[in-house]
Amino acid sequence: MISSIDLASQLSALTVFALLGLYLLSRKNANSIRTALALACLANSGWALMLVLFPLRYTLPLPTDLAEFLRDYFWMAFLLKAMMTPGSPTPALLGSLRRLLQILLAMALITLLYDQWSGANALHTMPKSDLVLHVALSIFGMVLVEQYFRNTPVHARWGVKFMCLALGTLFVYDFLLYAEGLLFSHVRGTLWIARGFINALTAPLVLISILRNREWAKQLHVSRHLVFHSVSLLGSGLYLLFMAAAGYYLRSVGGDWGPVLQFTFLAAASLLLLTVLFSGKIRSKFKVWINKHFFSYQYDYREEWMKFTRTLLSSDSPGKIYEAAIVALGTLVECQKGALWMESELGKNYECVAALGIEMAPRPLPPDSSLIQFLSRSRWVINLDEYQPKTPPYPDLVIPDWLSNIENAWLIVPLMLYNQLIGFILLAQPLSKIEFNWEVSDLLKAAGHQLANSLAQQRASEALLVARQFESFHRMSAFIVHDLKNLIAQLSLLLENAEKHKHNPEFQEDVLFTIDNSVTKMNQLLLRLRGASTGQEHHSLDLHQRVRAALLSKSKFKPVPSLTVRKNARISADPERLERVIGHIIQNACEATPYEGHVEILLDSSATEAILEIRDSGKGMAEDFIKERLFRPFDSTKTSGMGIGAYECRTYMEELGGSVTVSSIVGQGTLFRLTFPLPTMLNESCTDASNHTA
């Protein structure tokens, strides 16, 4: 008699899959894939029906085992049908899997006929031949599920993942059930009873996939990863099957030691399998074998190029790009060791800049050496295994002994940037033997071109960084030289008047003040050249005081400027640099104005900004000159000028967040207007409206 739990289990599977099958058949516009899925659901329901009616096996010839084999067959036929869509790139491979499934079904039918003839129809004591077939079918089913999921495009996997999860659960459970039965010659009753419930639990997952895939027409691409994992899974399953059979044999002939021998043997077999699966060398050889026997081309170029790019970009710092270049190129041919030579910056030699796993004394190669000339001229990938001096295909190539004698040296790959050889990479022997042919050569040459571009870009970035550092230094030097020129002008003017006024006490006091001020500024310039802090930090300044200090430093120039303060303000700036910028404009105004002219300075402020205007009645400037030349560095109309003062003025005003505008009329004069932003907490106004003359 069948138990109530067993009956409920099988009835649940019968009901849900019957409903799924009828639902699919009732849909309009049915296609072949949906029909195959409907038949698989009905076959699953029919198998559950045979188990429900199992107690009647003595009065009715119920083909229970045949129903289970048909259930497996229809599920696998559905997977194959879903994969063999129009446009599939490898119909031959999938066709082979389909023929293999038909062979397994034929073997199942022969076994069933034999069991029926011999009367072996007990539920939990199946013949070993049936158990072996069930295990083989479950392994084959797992392979098909894994293949279907891996070959589905990533964007479409959301629609099939629940179907794969459901069918994977069915086949994995069957494998565990029958593998244990094969080991112990008896199918465990609790596992058998739970099968119906397990099948019923997978039905909602199948329904979700049905709702997500109304057409079931996915274009599949059988990748090398798919074949690698599928063949690995199939081989591992068959290996475990044979090991289980051997373990059972040891148990049966071992007597009292049988169980110990069995589990010890299975543990050793499992350890051996894991060792093989995690061996890099064996995996490499296995990949090469798959590429040779399953595909017309040795490489999946899309996958290889993506892996190459990822590896090249994986370096976490610019200095490690050389090591990343060796790894990226070596990965294409399963090589983990190599060395990189790059052309020196001066172009005098090719020097070894990185080496991975190769012990050698790096030696430079001159550009006129035979190897460099050959690589530049031919752009070939040199195979050192076939290299013989003065023989084809390298009749005019002489490789240095120290290079060819490097242990396990294999290939020399040129790195060509346009028509120039910027370097080359030496690769050691791969983990597994790879035949060097035209395909390997073309792939390495293409990768070498990409590496050359990346390495040249890296060098250009480094050179640009150095150039920017020099540019910054040169700009600072230009400002310093300009300040020195102004100091020299002050001292020269002082020296010119020394003979005439040397006995004048006021002049002597002025001399001491000017020399002290010049020495202080020169010391500050020296500190700036050394990179030390010179008070360039911004401070809260009284703008009126800074303008008066600038006027004082230009007191020797004629005409004497006048200063008017309408409303004072405090700004945030560097005092020395601000004074230098204002002093430069004042000096230019004085030099452009005749003695009988005038230079007027006006200081005013509003709620948001301070305004400093410097107006002269000099000869003025043309509008085109203001737009095109006034603020251009190193462009000056003075014979002794450097053309850096106006440029520094505008640059510093922009750094402060302010601005400088110029308006001028030729023959009438010029107005410089400097605008300073006012800090919120430092705004301090002064309402003194009187005139001040410096």
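Residues numbered from 1 in each chain as written. Predicted model: local features only at pLDDT ≥ 70, side-chain atom pairs only at ≥ 80, totals over all residues. Heavy atoms only, no water.

1. Describing the overall build of the chain
- Across its full length, the chain carries 20 helices and 13 strands.
- Taking all 694 residues of the chain together, 44% fall into the buried category.
- Long-range contacts, defined as pairs at least 24 residues apart, comprise 70% of the intrachain contacts of the chain with a sequence gap of at least 6.
- Carbon and sulfur atoms form 61% of the exposed surface of the chain, whose accessible area is close to 35,800 Å². (Helix = DSSP H or I, 4+ residues; strand = E, 2+ residues; numbered from the N terminus. Buried < 20%, exposed > 50% of the residue type's maximum accessible area, 1.4 Å probe, protein only. Contact = heavy atoms within 4.5 Å. Areas by Shrake-Rupley, 256 points an atom, 1.4 Å probe, with all protein chains shown as cover.)

2. With respect to the confidence of the model for the chain
- Per-residue confidence for the chain gives a mean pLDDT of 76; residues scoring 70 or more make up 70%.
- Note on residues 86-90: pLDDT under 50 across the span, and 10 contacts to partners over four residues away in sequence or across chains. (pLDDT = per-residue confidence, 0-100.)

3. Observations concerning the packing of helix α18 (residues 575-591) against helix α20 (residues 645-655)
- Packing of α18 against α20 leaves a shortest axis separation of 10 Å and a crossing angle of 135°. One way to sum up the angle between α18 and α20 is to call them oblique. Between α18 and α20 lies a crossing of left-handed hand. Contacts between α18 and α20 involve R577, L578, R580, V581, H584 and I585 from the former and G645, A646, E648, C649, Y652 and E655 from the latter.
- For the contact of α18 with α20, the residue count by class is six nonpolar, two polar and four charged. (Axes fitted to C-alpha atoms, helices over the stretch in contact; angles between N-to-C directions. Parallel < 35°, antiparallel > 145°, perpendicular 65-115°, else oblique. Left-handed = near helix turned anticlockwise from the far one by under 90°. Nonpolar A, V, L, I, M, F, W, Y, C, P; charged D, E, K, R; others polar.)

4. A look at the pattern of salt bridges
- Under the definition given, this model contains 12 salt bridges.
- The residue D72 makes a salt bridge to R71 at a minimum N-O spacing of 2.9 Å.
- Using a relative accessible area of 1% as the deciding quantity, one classes R71 as buried.
- Taken together, the shared-partner salt bridges connect E68, R71, D72, D174 and R195 into one network. (Salt bridge = Lys/Arg side-chain N within 4 Å of Asp/Glu carboxyl O.)

5. Structural notes on unusual backbone geometry
- Not every positive phi belongs to a glycine, and N408 is a case in point at roughly 65°.
- Structurally, the position occupied by N408 is in the loop between α14 (401-404) and β4 (409-417).
- Overall, the relative accessible area of 42% leaves N408 in the partly exposed class.
- Phi is positive for Y418, close to 60°, though the residue is something other than glycine.

6. Points about the sheet that holds strand β1 (residues 338-343)
- Spatially, five strands are ordered β2-β1-β5-β4-β3 in an open sheet, and the strand pairing comes out antiparallel. Edge strands, defined here as strands with exactly one partner in the open sheet, are β2 (350-356) and β3 (382-383).
- Helix-sheet contacts for helix α13 (residues 370-378) involve β2, β3, β4 and β5 (420-428), and the interaxial angle to β5 is about 110°. (Pairing = 2+ DSSP bridges.)

7. Some points on the nonpolar core
- Of all hydrophobic cores here, the largest spans 52 residues; its most connected members are L37, W75, F78 and L167.
- Those elements that provide at least two residues to this core are α1 (4-26), α2 (32-52), α3 (64-83), α5 (128-151), α6 (161-184) and α7 (189-212).
- Formed by 39 residues, the second largest nonpolar core is a distinct cluster that contains A550, I585, I614 and A646. (Core = buried A, V, L, I, M, F, W, Y, C linked by side-chain atoms within 4.5 Å.)

8. Some thoughts on the environment of L426
- Topologically, L426 is positioned in strand β5.
- Residue classification places L426 among the buried positions, given a relative accessible area of 0%.
- Residues L426 and K337, 89 residues apart in the sequence, show an inter-C-alpha distance of 8.6 Å.
- Other than its neighbours up to four places away in sequence, L426 contacts K337, G338, A339, W341, I358, L384, L403, I406, A409, L411 and I412.

9. Observations regarding the pairing of strand β12 (residues 669-677)
- Within β12, seven of the nine residues are buried, leaving the element largely enclosed by the surrounding structure.
- Across eight bridges, strand β10 (residues 609-616) lies against β12 in antiparallel orientation. Residue pairing in the sheet places L612 in a bridge with L674 of β12.
- The turn linking strand β11 (residues 659-665) back onto β12 is made up of three residues, and G667 within it adopts a positive phi angle of 90°.

10. Section: the packing of aromatic side chains
- This structure, assessed with the given rule, holds six aromatic pairs.
- An angle of 70° between the planes, with centres 5.7 Å apart, marks the rings of Y73 and F74 as edge-to-face.
- The class of Y73 is partly exposed, set by a relative accessible area of 21%.
- Summarising the aromatic geometry, the rings of F374 and W380 are spaced 5.7 Å apart at their centres and angled 85° between planes, so their arrangement reads as edge-to-face.
- Residue F374 is classed as buried on the basis of its relative accessible area, which comes to 4%. (Phe/Tyr/Trp six-rings, centres within 6.5 Å; stacked < 30°, edge-to-face > 60°.)

11. Describing the pairing of strand β9 (residues 599-605)
- Summarising burial for β9: five of the seven residues are buried, a large majority.
- One ladder, built from four bridges, connects strand β7 (residues 562-565) with β9; its direction is parallel. Counterpart to L563 in the pairing with β9 is I601.
- Bridging between β9 and β10 involves seven bridges; their strand directions are antiparallel. What sits directly across from D604, in β10, is I611.
- Linkage of β9 to β10, two consecutive antiparallel strands, is achieved through a turn of three residues.

12. Looking at the environment of K554
- Relative to the elements of secondary structure, K554 occurs in the loop between α17 (543-553) and β7.
- Remark: the alpha-carbon pair of K554 and H584, spanning 30 residues in sequence, is separated by 9.0 Å.
- Filtering out sequence-adjacent residues up to four positions away, K554 remains in contact with Q490, G583, I586 and Q587.

13. Some remarks on a nonpolar patch on the surface
- Taken together, the side chains of L491, I515 and V519 define a hydrophobic patch exposed on the protein surface, amounting to about 210 Å² of accessible area.
- Tracing the chain through its elements places I515 in helix α16 (residues 505-529).
- The class of I515 is partly exposed, set by a relative accessible area of 39%. (Patch = residues over 30% accessible without salt bridge, like charges linked within 9 Å, V, L, I, M, F, W, Y side chains within 5 Å.)

14. A short note on α5
- For α5, which comprises 24 residues, the first-to-last C-alpha distance of 35 Å matches the rise-based estimate of 34 Å (1.5 Å per residue) to within 8%.
- Most of α5 is tucked away, with 19 of its 24 residues classed as buried. (Expected span 1.5 Å × (residues − 1).)

15. Observations regarding the side chain of S138
- Its location among the elements puts S138 in helix α5.
- Look past the residues within four positions of S138 in its chain and what remains in contact with it is F171, D174 and F175.

16. A short note on α1
- For α1, spanning 23 residues, the distance from its first C-alpha to its last is 32 Å, which sits close to the expected 33 Å at 1.5 Å a residue.
- Of the residues making up α1, those classed as buried are D6, S9, Q10, A13, L14, F17, A18, L20, G21 and L24.

17. Some points on the environment of Y387
- By the secondary structure assignment, Y387 is in the loop between β3 and α14.
- Owing to a relative accessible area of 10%, Y387 belongs among the buried residues under this scheme.
- Distance in space between the C-alpha atoms of Y387 and I399 is 9.0 Å, their sequence separation being 12 residues.
- Excluding residues that lie within four positions of it along the chain, Y387 makes contacts with Y394, L397, V398 and I399.
- There is a polar contact of 3.1 Å between the side chain of Y387 and the backbone nitrogen of I399. (Polar contact = N/O pair within 3.5 Å; in protein donor to acceptor, adjacent residues only side chain to side chain.)

18. Some remarks on the packing of α1 against α2
- Two elements in contact, α1 and α2, have axes whose closest approach is 8 Å; the angle formed by their N-to-C orientations is 155°. Taken together, the axes of α1 and α2 are roughly antiparallel relative to one another. Between α1 and α2 lies a crossing whose hand is left-handed. Of the residues in α2, those in contact with L7, Q10, L11, A13, L14, F17, A18, L20, G21, L22, L24 and L25 of α1 are R34, L37, A38, C41, L42, N44, S45, W47, A48, L49, L51 and V52.
- Here the residues of the contact of α1 with α2 are counted per class, giving 19 nonpolar, four polar and one charged.

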